[in-house]
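# An overview of the molecular structure
Each chain is listed here by its residues.
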Amino acid sequence: MKKLWVVFLSLMLVLSVTLPLTTSVQAATISDVSTKDSKYKAINWAIDNKIMALYTGNKFAMQGNVSEAQALLMFARLDANYIHSYATDMTYNYYTDLHMPLEGSYSKAKRARLMTRGEFAVLFAAMKGYDLSEVQAVQYLYLQEVTTGKTGKRTYKDFAPKDNLTRGDVAVFLYRAMQKGKLRVDGFLGPLTGKDNKKITLPINFVGEEGGAVPVKPGTPGKNDPSANEQQSIQAVQSIKVEKNTLTANGQDSTLINIKLKDSNGNNIPYTKSLKFRVTSEYFDWKCNCAGRAGSEVLQKATAVTSPNGTPTSYVYSDGPDVSFHFQAPRVTKSLKDYIILELVDETDSNYSTYKNKQIRIPVEYIPQPELRVSYEVFDATVGDYVGGDKNTPPKVATPIPGVPQGPMKIIGINPDKKQFTREVSAVDAPYRTVPYEHAYVSLAGYKISEQMFEQIVDNYLREGGKELTVQYTTDANGFPMYDLPFALIPSSYTAPLANAPQSYAVLLYLIDLLPSSINNFSMAYYDSVKTAELIARSIPANMLNVAPLLQYRSKINGLYALAQLADQTLLDEQEASRPENMPSYTKVIVEILAPGGQLITNYKGAVEITYGGKTYTETFANNGGKAIKYIEGLKYGTSDVKVKLVNLNQDTRYQKVLVGLDKQETKKKILVRTPISDMVCTLDLEAAFLIDNSGSMNAADPNNILNDSVVQFVDSVDSLVSSSTGFTTKANTDIKGTPATVKGYVNYEKPYDASERRGATRLLTGIKQAGSQFDSDASDRSVKRIIFMISDGKTNENAKTLVQAAEAEGAQIYTISMGEADQNLMKNISSATGGKHYHISNSDYINTIVNTVLQSLCGGSASCPITDGFEKAQVTILRQSIYIEAIAHCQNVAEVDVKFYSVSGSFDLDLKYIGENMFELEYALSKIKNFNIYKEVEFFAYDSNGKLLTSQIIEL
């Protein structure tokens, strides 16, 4: 939000910083451009106004090329909002913060690269406040009369977008543009997405016979296939695994991609090394930060990379040889084939030279189709909390606003009763003069606030004499509106004393003074603002709170914490009241119906069948805002599928064509009900350090981003003398240290193990040393046990001996929980050598069961297993002469595993053999099974040493 602060300051400066936009009376002497040349006037204007400079001998060099850095400097000199130095780093820092499409923002080496005419068009449009892809940007230049093309045909091709930009070109373009008024660059709140393409109407055959769409060239068979082409050009790419190559084009569907690499010499890449890759696609223009568009058929951006919680980025970082990331589909109305493209950046090591200027290309396809979107919540009365689901309480969302362009919006009035504000509009936009904001995402300087506070700030500003208030309007991935108030709205009495501090500090103080001064005056209308203020307050280092002006707010900040606690309790009370009566534990299934392109249909009058737990229910979409909702009593721990199907499309004839075929499809959704972590409190004379791997490869081990919640409960269950919480990659940082309650409060709010923070390489040694440094007792004092609980995929090049020596130096036992494709031998060696224990799970879905087992090992009590789907592995392989059976249960006290086969003739059981490490297997000769045609369903059973059934699971052959 730096740009808004600059806008505020610029109003206080002398207007002489802006440049005159007419040619000087005393013309410059230009030796190589005739005064009769059609470009002379524009060139003379550029020289006189110091937009461009002459070379030795007063030569202009009209055909000379222009680099990106040179073009950016020209815009900076014209931008009335720019008040800084014209040093290259300064201009790039400033305009990168405004999300301008600049290659040099991410690679200094590319600042000197020559700019093409098409790239100039995109940058020019962005400087003028339009988020456009290249084709639309060229048409924008025509509409602005900045150019007429090379021959006057005014088509995309006639503009020659791939030709290098010349000095004569840019002088003419800027001169014509500035005749229509000064340039004031406000920038954008986030990465460019091409969201303004729909504002630019392309003439027929502007690009070609497609009439406006810019098709992606189909790949030649084998040419773009990574196994056929890229591994020849980049021999170091070992494998590419894509969860799914076909994505629903709804702006939300995503696929997990895992790539394994070697260096350019064919050697293994150490896990202490991290490579940085830019992720783009063939269809979406990377200059728009992986989210550009080509053609009006695109409704919403493709977020190139996203964590499971939706946080977008343009880069991924390898964890040694492993690259893991989620790629999200766009919203489009036409099927589209695309390639995900990875390019190595910012790497100087010659061991990776073959990656440079090469692309790793992964084919994907986006298909727009109607869909039933299924989400769920699971509430468990035994723990009094939600133990699974996509969301706790489905948020209410504002209706997408048609006809209102994204970008700066001027508000001239607000009506809190009707939840509408009035914006300044032109005659064309008159039908959209009044805009609703109820349930929209509203924020201040990028920080989420409540509607009530949004109204309060806007109303106060307008009442105190402000004629208009500029708010930045954007939409989220689903097209729902978002309104951000500028930082410049905050009075200088807050910002001036904190000029050298992060902007968030001024936001905090401003919010505190707007919040109720007494708990008695609190209402849930303030909830979002209270939680935002608490988030900022907890991020401020303790020493900063002793410095003015924060020192004067110490008592108010303490009051804020009390207010936040009240807000959380009130929310829990409301959730309790909203749950169905006489149903303490339940699974809530939510079904939404979407048109092709991802648009939510809120008025469908039909019904849907929901099948779960062997029963089928019919629910209507009426009276729930377009949702069919079913509460199903009881819980089924582990993973299971819910299936949904539209009952009869003819029930609502309005949508027969839009939703054609949807009534013949069955949609499945995996429901995960996490086993509750034991409510026993393990009170021990020990110091506990929780050490969590935040490297990039953990994305594959924790794909659903549930690790954080389990760690929070883990911390809560170990009532030790001292606790600390540390995340690590190649570096380690202790987030918090103190009593278990202090640590729990921190990790529960800040979520330091959130998947959006995972990136880079791994160094277990660094993590162990950092965790060990947080113990208070003397390392030689064995009366106080020191335990490090380490959760990691164990991918490192360090040897066990070094790691064990580090743990012994700290006098610590290490309990290791390995996840995914881990180096289990390493993790076992670390734990056994230090007197700890090792546990393994294939992914984070069953982390709670492992936590229970750890607690049982430390404190006694009984270990738990999921009631169903309790096996990490349950597999039957039919060979030519035998059946091979394997099983690994999700609990540590399994003494016996039986497998039951069924047929029309009856059933028979096989007892598996224990082979160590909680694994069971059996090879059984087919010749022993005579005249026995078995069904596809096979059931696994796990028992403890007393013959008690711990868990069972049905699989299909």
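Residues numbered from 1 in each chain as written. Predicted model: local features only at pLDDT ≥ 70, side-chain atom pairs only at ≥ 80, totals over all residues. Heavy atoms only, no water.

## A closer look at the overall build of the chain
Counting its secondary structure elements, the chain contains 20 helices and 43 strands. Each of the 957 residues in the chain was classed as buried or not, and the buried ones make up 53%. If you sum the accessible surface of the chain, you get close to 41,900 Å²; carbon and sulfur atoms cover 48% of it. (Helix = DSSP H or I, 4+ residues; strand = E, 2+ residues; numbered from the N terminus. Buried < 20%, exposed > 50% of the residue type's maximum accessible area, 1.4 Å probe, protein only. Areas by Shrake-Rupley, 256 points an atom, 1.4 Å probe, with all protein chains shown as cover.)

## Here's the deal with unusual backbone geometry
Non-glycine residue histidine 99 carries a positive phi angle of around 65 degrees. Within the element layout of this structure, histidine 99 appears in the loop between α4 (88-97) and α5 (117-127). A positive phi angle is found at glutamate 145, which is not glycine, with a value near 60 degrees. The topology assignment puts glutamate 145 in the loop between α6 (134-143) and α7 (167-178).

## A short note on the packing of aromatic side chains
Enumeration according to the criterion identifies 31 aromatic pairs in this entry. With centroids separated by 6.5 Å and ring planes inclined at 55 degrees, the aromatic side chains of tyrosine 156 and phenylalanine 206 adopt a geometry described as tilted. Of this pair, tyrosine 156 sits in the loop between α6 and α7 while phenylalanine 206 sits in the loop between α7 and α8 (226-233), and the two are 50 residues apart along the sequence. Neither tyrosine 156 nor phenylalanine 206 differs from the other in exposure class; each is buried. On the basis of an interplanar angle of 85 degrees and a centroid distance of 5.2 Å, the ring pair of phenylalanine 421 and tyrosine 483 is categorised as edge-to-face. Placement of the pair is phenylalanine 421 in strand β16 (residues 420-423) and tyrosine 483 in strand β21 (residues 481-485), with a sequence separation of 62 residues. Site record: aromatic cluster; members linked through ring pairs are Phe75, Phe120, Phe124, Tyr130, Tyr140, Tyr142, Tyr156, Phe159, Phe173 and Phe206. Over the ring of tyrosine 86 we find arginine 77; its NZ or CZ atom is 4.4 Å from the centre of that ring. (Phe/Tyr/Trp six-rings, centres within 6.5 Å; stacked < 30°, edge-to-face > 60°. Lys NZ or Arg CZ within 6 Å of the ring centre and 35° of its normal.)

## Remarks on the nonpolar core
Counting residues in hydrophobic clusters, the biggest one holds 62 residues, and the most contacted among them are Met52, Phe60, Tyr95, Met100, Phe120, Met127 and Leu174. Mapped onto this core, the elements with two or more residues apiece are α2 (40-48), α3 (68-78), α4, α5, α6 and α7. (Core = buried A, V, L, I, M, F, W, Y, C linked by side-chain atoms within 4.5 Å.)

## Examining the side chain of serine 792
With respect to the element layout, serine 792 can be found in strand β33 (residues 785-792). Only 2.8 Å separates the side chain of serine 792 from the side chain of aspartate 693, close enough to count as a polar contact. Setting aside chain neighbours within four positions, we find serine 792 in contact with Asp693, Met698, Phe728, Leu764, Ile817, Ser818, Met819 and Met827. (Polar contact = N/O pair within 3.5 Å; in protein donor to acceptor, adjacent residues only side chain to side chain. Contact = heavy atoms within 4.5 Å.)

## Points about the packing of α5 against α6
Look at α5 against α6: their axes get within 8 Å of each other, and the N-to-C directions meet at 75 degrees. Classified by the interaxial angle, the pair formed by α5 and α6 is roughly perpendicular. Within the contact between the two elements, α5 uses Gly118, Glu119, Ala121, Val122, Phe124 and Ala125 and α6 uses Glu134, Ala137, Val138, Tyr140 and Leu141. Tallied by class, residues from the contact of α5 with α6 come to eight nonpolar, one polar and two charged. (Axes fitted to C-alpha atoms, helices over the stretch in contact; angles between N-to-C directions. Parallel < 35°, antiparallel > 145°, perpendicular 65-115°, else oblique. Nonpolar A, V, L, I, M, F, W, Y, C, P; charged D, E, K, R; others polar.)

## Describing the packing of helix α11 (residues 503-514) against helix α12 (residues 527-539)
Contact geometry for α11 and α12: axes closest at 9 Å, N-to-C directions at 135 degrees. Taken together, the axis directions place α11 and α12 in an arrangement best described as oblique. Seen from above, α11 lies across α12 with left-handed handedness. Every residue of α12 that contacts α11 at Ser504, Val507, Leu508 and Leu511 is listed here: Ser529, Thr532, Ala533, Ile536 and Ala537. Residue composition of the contact of α11 with α12, grouped by class: six nonpolar, three polar and no charged. (Left-handed = near helix turned anticlockwise from the far one by under 90°.)

## A word on helix α17 (residues 764-772)
Among all positions of α17, only Leu764, Leu765, Gly767, Ile768, Ala771 and Gly772 are buried. Each buried residue of α17 lies within a common arc of 165 degrees when the element is viewed along its axis, so the set occupies one face. (Arc of directions from axis to C-beta.)

## A look at the sheet that holds strand β40 (residues 913-916)
To summarise the sheet geometry, strands pair through backbone hydrogen bonds and adopt either a parallel or an antiparallel arrangement. In spatial order, the strands read β36-β37-β41-β40; together these four strands make up an open sheet with antiparallel pairing. Taken across any chain shown, the strands that pair with only one partner, and hence form the sheet edges, are β36 (871-878) and β40. With direction set aside, neighbouring strand axes in the sheet form an average angle of 20 degrees. Across seven bridges, the pairing between β36 and strand β37 (residues 882-889) is antiparallel. Within the sheet, the bridge partner assigned to phenylalanine 871 lies in β37 and is alanine 889. (Pairing = 2+ DSSP bridges.)

## Observations concerning the pairing of strand β12 (residues 360-367)
Two elements, strand β2 (residues 246-248) and β12, share three bridges in a ladder whose sense is parallel. Counterpart to threonine 246 in the pairing with β12 is glutamate 365. With seven bridges joining them, strand β11 (residues 336-345) and β12 adopt antiparallel strand pairing. Paired with tyrosine 339 across the strands is proline 363, a residue of β12.

## Structural notes on the sheet that holds strand β24 (residues 615-620)
Taken together, four strands build an open sheet; the order of strands is β24-β23-β26-β27 and the sheet is antiparallel. The open sheet has two free edges, formed respectively by β24 and β27 (667-673), since each of these has just one partner strand. For this sheet the average axis-to-axis angle between neighbouring strands, irrespective of direction, equals 25 degrees.

## Here's the deal with the confidence of the model for the chain
Close reading of the predicted structure is inappropriate where its pLDDT is low. When pLDDT is averaged across the chain, the result is 76; 78% of the residues are at 70 or more. Below a pLDDT of 50 lies the segment residues 1-27, which in the model reaches 58 contacts outside its immediate sequence neighbourhood of four places, other chains included. Considering only residues more than four positions removed or in separate chains, one finds that residues 748-755, a stretch of pLDDT under 50, has 34 contacts. (pLDDT = per-residue confidence, 0-100.)

## Structural notes on the pattern of salt bridges
All chains considered together, the criterion is met by 27 salt bridges. For glutamate 455, the salt bridge is made with lysine 419, and the minimal N-O distance between the two is 2.8 Å. Taken as a pair, glutamate 455 in helix α9 (residues 451-463) and lysine 419 in the loop between β15 (407-415) and β16 lie far apart in primary sequence, 36 residues in all. On the accessibility criterion, glutamate 455 (9% relative accessible area) is buried. Taking the shortest distance from any N to any O, the salt bridge between arginine 463 and aspartate 459 comes out at 2.6 Å. Taken as a pair, arginine 463 and aspartate 459 lie in helix α9 at a separation of four residues, close to a single helical turn. On the basis of relative accessibility, which here comes to 67%, the residue arginine 463 falls in the exposed class. The exposure class assigned to aspartate 459 is partly exposed, which follows from its relative accessible area of 21%. Each of the salt bridges in this network shares a partner with another, and the network as a whole consists of Glu103, Lys110, Arg113 and Glu119. (Salt bridge = Lys/Arg side-chain N within 4 Å of Asp/Glu carboxyl O.)

## Focus: the environment of valine 170
Note on placement: valine 170 falls in helix α7. On the basis of relative accessible area, valine 170 is assigned to the buried category, the value being 0%. A C-alpha to C-alpha distance of 9.0 Å links valine 170 and isoleucine 43, two positions 127 residues apart in sequence. Those residues in contact with valine 170 that sit more than four places away from it in its chain are Met52, Val66, Met74, Phe120 and Leu165.

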